Amino acid sequence: MKIGILAFSDPQFAKYAFVEEIAATIEAKGHVPVRLYTPQLAFIRTDGKLVITHNGEPLEKIDVIIARPNFLEDPSSHAYPAQLLEQAGYRIINSWPSYWYAKNKLEQHVTSLTNGLPMARWAIAKRTSEIMLAADKIGFPVVLKVSFGSFGRGVFYADSKEVLRPVADYLTSRNAMPIIVEEFLADADRKDIRVFVVDGKVIASMERTAPPGDIRTNTSNGGSGATYQLSDRERDLALKAAKEYQLEIGGIDLMYTKEGPVVVEVNANPGFEELQKTTNVSIAGAIVDYAIKVATK
Ligand SMILES: Nc1ncnc2c1ncn2[C@@H]1O[C@H](COP(=O)(O)OP(=O)(O)O)[C@@H](O)[C@H]1O
Ligand SMILES: [Mg+2]
């Protein structure tokens with residue numbers, strides 16, 4: 001069968017979409033990978049008919065497409081390729097609506113009030129004065145986050161007003177974007193737990209530790225992975241988060257608190273290099289097996 005891999009960038013920027021590793025896995029399992037890059041797609045509607053081209057050629061029939069939403073910007077401008085491909089009858093995993101939430105930290109905080117997923121105490125504010133007020137109420141240290149960061153870029157630690165105010169000033173004046181203020185989860189001791197979920201099941205998990213002199217555990221930032229045995233509570237929370245965000249394939253980040261685990265973030269384009277190294281589980285294999293299962297249905 002033909003299995004597509006959809007990256008949301010030109011090929012040279014698709015490193016973190018893991019396109020080549022997934023393609024090699026598809027081949028190893030006896031199927032044909034089709035690499036798709038959103039800049040190479042055109043959607044042309046004439047005479048009431050939608051024609052989709054890739055690299056100037058009509059898009060072939062593909063049994064299932066694995067989406068790797070590796071964009072860093074506001075997801076609204078990246079919606080159309082997945083939406084139109086789905087309307088044209090292509091089956092995409094994960095399907096569109098999941099990235100709207102999974103790629104937008106603001107949305108994750110807003111929806112946490114209704115979906116019941118526990119998070120660190122937080123605030124959302126747009127002005128330095130309001131950010132300072134929020135930090136005062138939450139208590140120092142705090143963590144600041146921009147809405148569309150990834151790889152830990154856009155996450156800042158502030159242990160005092162002196163550190164926080166200039167960062168808040170810069171962020172709010174630079175892009176007038178709302179800023180998320182969170183309590184710093186000190187009990188977690190600069191560690192978090194990455195849980196990789198495929199098809200409602202935990203495929204692998206690891207504990208990540210931030211490198212010295214940092215609070216961010218992102219492996220792209222030097223964080224290191226170690227084997228980790230999930231508690232039932234952590235497993236249940238990760239599966240609930242994947243379900244709430246409609247992630248057939250998702251990376252759920254949890255942190256320890258004395259009151260129980262909380263969700264730090266859900267990822268729709270989770271990397272898997274460090275996780276494969278740490279656990280010896282073939283994550284690419286699990287993703288491709290799931291795609292085959294979906295296409296065979
Ligand atoms: N409230 C917090 N308290 C302590 N550490 C945090 C908190 N929020 C994030 N971190 C650390 O920063 C890292 C990056 O934050 P995250 O929200 O996942 O952003 P990104 O999308 O850039 O990965 C997390 O993996 C975690 O190690
Ligand atoms: Mg993260």
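Scroll up for the structure.
Residues numbered from 1 in each chain as written. Chains lettered and ligands numbered in written order. Predicted model: local features only at pLDDT ≥ 70, side-chain atom pairs only at ≥ 80, totals over all residues. Heavy atoms only, no water.

### Comments concerning the side chain of H54
Filter applied, for reference: In this description a helix means any DSSP run of H or I spanning at least four residues, a strand means any run of E spanning at least two, and both kinds are numbered starting from the N terminus. For every residue, the accessible area (1.4 Å probe, protein chains only) is compared with the maximum for its type, and the residue is labelled buried under 20%, exposed over 50%, or partly exposed between those bounds. Whenever a nitrogen or oxygen atom comes within 3.5 Å of another N or O atom, the pair is scored as a polar contact, on the condition that within protein one atom can donate a hydrogen and the other can accept it, and that pairs from neighbouring residues in sequence are kept only if both atoms are in side chains. We call two residues contacting when some pair of their heavy atoms lies within 4.5 Å.
Note on placement: H54 falls in strand β4 (residues 49-54). Among the residues examined, H54 registers a relative accessible area of 11% and is labelled buried. Polar contacts involving the side chain of H54 include one to the main-chain amide nitrogen of Y37, which spans 3.1 Å. The residues touching H54, leaving out its near neighbours within four places in the chain, are R35, L36, Y37, Q40, L41 and L59.

### Brief notes about the site of ligand 1
Applied cut-off: In this text, near means that some heavy atom of the residue lies within 4 Å of the molecule or strand in question. Under the convention used here, a 1.4 Å probe and the Shrake-Rupley method define accessible areas, while residue burial counts only the protein chains that appear. Residues are grouped as follows: Ala, Val, Leu, Ile, Met, Phe, Trp, Tyr, Cys and Pro are nonpolar; Asp, Glu, Lys and Arg are charged; every other residue, Gly included, is polar.
With respect to spatial proximity, 22 residues lie near ligand 1, and among them K105, K145, G152, N218 and E265 are the closest. Here E182 contributes a side-chain N or O atom positioned 2.8 Å from a nitrogen atom of ligand 1. Interatomic distance of 2.9 Å between a backbone N/O atom of L185 and a nitrogen atom of ligand 1. Relative to its free-state accessible area of 550 Å², ligand 1 is covered by the protein chains to the extent of 98%. For the shell around ligand 1, the element with the highest residue contribution is strand β9 (residues 142-150), accounting for four residues. Along the lines of polarity and charge, the residues of the shell around ligand 1 split into eight nonpolar, five polar and nine charged.

### Things to note about the sheet that holds strand β3 (residues 41-46)
Quick reminder of the rule: Each pair of strands is called paired provided DSSP finds at least two bridges between the two strands.
A sheet is described by the order of its strands in space; here three strands give the open sequence β3-β4-β5, paired in antiparallel fashion. The open sheet has two edge strands with one neighbour each: β3 and β5 (57-58). Of the pairings in the sheet, the one linking β3 to β4 comprises six bridges and is antiparallel in character. Following the sheet pairing, A42 is matched in β4 by T53.

Taken by themselves, the reported measurements are silent on function.
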